[in-house]
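# Close look at the chain arrangement
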Amino acid sequence: VLRQKQTFRDHLLGDLGWSLLLGPVLSVGYELSIRGESRVETLLFGFVWAAIVFYRIQLQNFEVITEASMAKIRNSITWLGFDKGKNGILIIWGVCLVLFTMFQVLYSHWLNWISILVICGFFTFKVRKVFQNLTSPIGSEMALFVKEFHQLYVLLTSLWCLSLSFMMFAQYTTKFLVS
């Protein structure tokens, strides 16, 4: 069944291409179509979102690594294998945090990005035991691993939306007060 439903992201670098399409290509393209020009802020926004999307795709690929390997699907996770794929998920999560924090440092108040970093750091530390206990792609540890790391994705996405809302609110409030 998996073999018949291959998509663009089921190829070795397809998932990276998919993330870039949903990240910087979409955000810069949208801004170009609306404003006729693009800013670096939009490009950085796109790369942060691409990293978050890439993390989610890899987590989803990791969840079905056994089935995908048996169906001979060649994506990044099946190419890395179970142990390196597990470490890859953690590395991608770290890259998401670094890019997200860099964006916040550049474009938001220091209190905002420090609090976000502390919250993400706390929850990342909390799931370390689940990461350490995962030894096989078969069993209840895999379901718990995917659940906990998916919650990190939901946390970061929620903080991302909240942060962007605060940034937009501050921008429009400033414009309203100045006018």
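Structural data are supplied above this passage.
None of the values given here were measured: they were computed from a predicted structure.

Conventions adopted
Residues numbered from 1 in each chain as written. Predicted model: local features only at pLDDT ≥ 70, side-chain atom pairs only at ≥ 80, totals over all residues. Heavy atoms only, no water. 1 Å grid on protein atoms, 1.4 Å probe; cavity = no way out; pocket = protein on both sides within 12 Å on 5 of 7 lines; lining within 4 Å. Points joined across faces, edges and corners; volume = space filled by probe spheres on them. Helix = DSSP H or I, 4+ residues; strand = E, 2+ residues; numbered from the N terminus. Nonpolar A, V, L, I, M, F, W, Y, C, P; charged D, E, K, R; others polar. Patch = residues over 30% accessible without salt bridge, like charges linked within 9 Å, V, L, I, M, F, W, Y side chains within 5 Å. Areas by Shrake-Rupley, 256 points an atom, 1.4 Å probe, with all protein chains shown as cover. Salt bridge = Lys/Arg side-chain N within 4 Å of Asp/Glu carboxyl O. Axes fitted to C-alpha atoms, helices over the stretch in contact; angles between N-to-C directions. Parallel < 35°, antiparallel > 145°, perpendicular 65-115°, else oblique. Left-handed = near helix turned anticlockwise from the far one by under 90°. Core = buried A, V, L, I, M, F, W, Y, C linked by side-chain atoms within 4.5 Å. Buried < 20%, exposed > 50% of the residue type's maximum accessible area, 1.4 Å probe, protein only. Contact = heavy atoms within 4.5 Å. Expected span 1.5 Å × (residues − 1). Arc of directions from axis to C-beta.

### Regarding the layout of surface pockets
- Of the volumes computed, that of the largest pocket is approximately 770 Å³.
- Lining the largest pocket are 27 residues, and of these R39, E41, T42, M168 and Q171 lie nearest its centre.
- If you list the elements that add at least two residues to the lining of the largest pocket, you get helix 1 (14–35), helix 2 (40–63), helix 5 (82–107) and helix 8 (140–178).
- Here the residues of the lining of the largest pocket sort into 14 nonpolar, 8 polar and 5 charged.

### Some remarks on a nonpolar patch on the surface
- Together, L13, L16, W18, L20, L21, L22, V25, L26, L43 and F47 make up an exposed nonpolar region whose accessible area comes to about 860 Å².
- Only helix 1 and helix 2 provide two or more residues apiece to the nonpolar patch.

### A short note on the packing of helix 2 against helix 5
- Contact pair helix 2 / helix 5: the axes reach a minimum separation of 9 Å and the direction vectors enclose 160°. Our classification of the angle between helix 2 and helix 5 gives roughly antiparallel. The element helix 2 and its partner helix 5 pack so that their crossing is left-handed.
- Taken together, the residues of the contact of helix 2 with helix 5 sort by class into 21 nonpolar, 2 polar and 2 charged.

### Quick word on the nonpolar core
- Grouped together as the largest cluster of nonpolar side chains are 35 residues, with contacts concentrated most on Y55, F62, I89, F145, F149 and L156.
- Within the residue set of this core, elements represented by two or more residues are helix 2, helix 5, helix 6 (110–126), helix 7 (128–133) and helix 8.
- Leaving out residues up to four positions away in the same chain, L156 has contacts with I52, W93, C96, L97, F100 and C120.

### Quick look at the pattern of salt bridges
- Taken as a whole and judged by the stated rule, the model has 4 salt bridges.
- Here E31 makes a salt bridge to R39, at a shortest N to O gap of 3.1 Å.
- The buried category is assigned to E31, whose relative accessible area is 7%.
- Residue R39 is classed as partly exposed on the basis of its relative accessible area, which comes to 40%.
- One continuous salt-bridge network, built from bridges that share partners, spans E31, R35, E37, R39 and E41.

### Here we look at helix 6
- The end-to-end C-alpha distance of helix 6 is 24 Å, a good match for the 24 Å that 17 residues give at a rise of 1.5 Å each.
- Looking at helix 6, one finds that the buried residues are N112, I116, C120 and T124. For helix 6, the arc enclosing every buried residue in end-on projection is 90°, short of the 170-degree limit, so these residues lie on one face. Across helix 6 from its buried face, at more than 90 degrees, point the exposed residues W110, V118, F122 and F125.

### Here's the deal with the packing of helix 5 against helix 6
- Axis separation between helix 5 and helix 6 bottoms out at 9 Å; the angle between their running directions is 165°. With respect to helix 6, the element helix 5 is oriented roughly antiparallel. As for how helix 5 packs across helix 6, the hand of that crossing is right-handed. Residue-level contacts link W93, L97, F100, T101, Q104 and V105 of helix 5 to N112, W113, I116, L117, C120 and T124 of helix 6.

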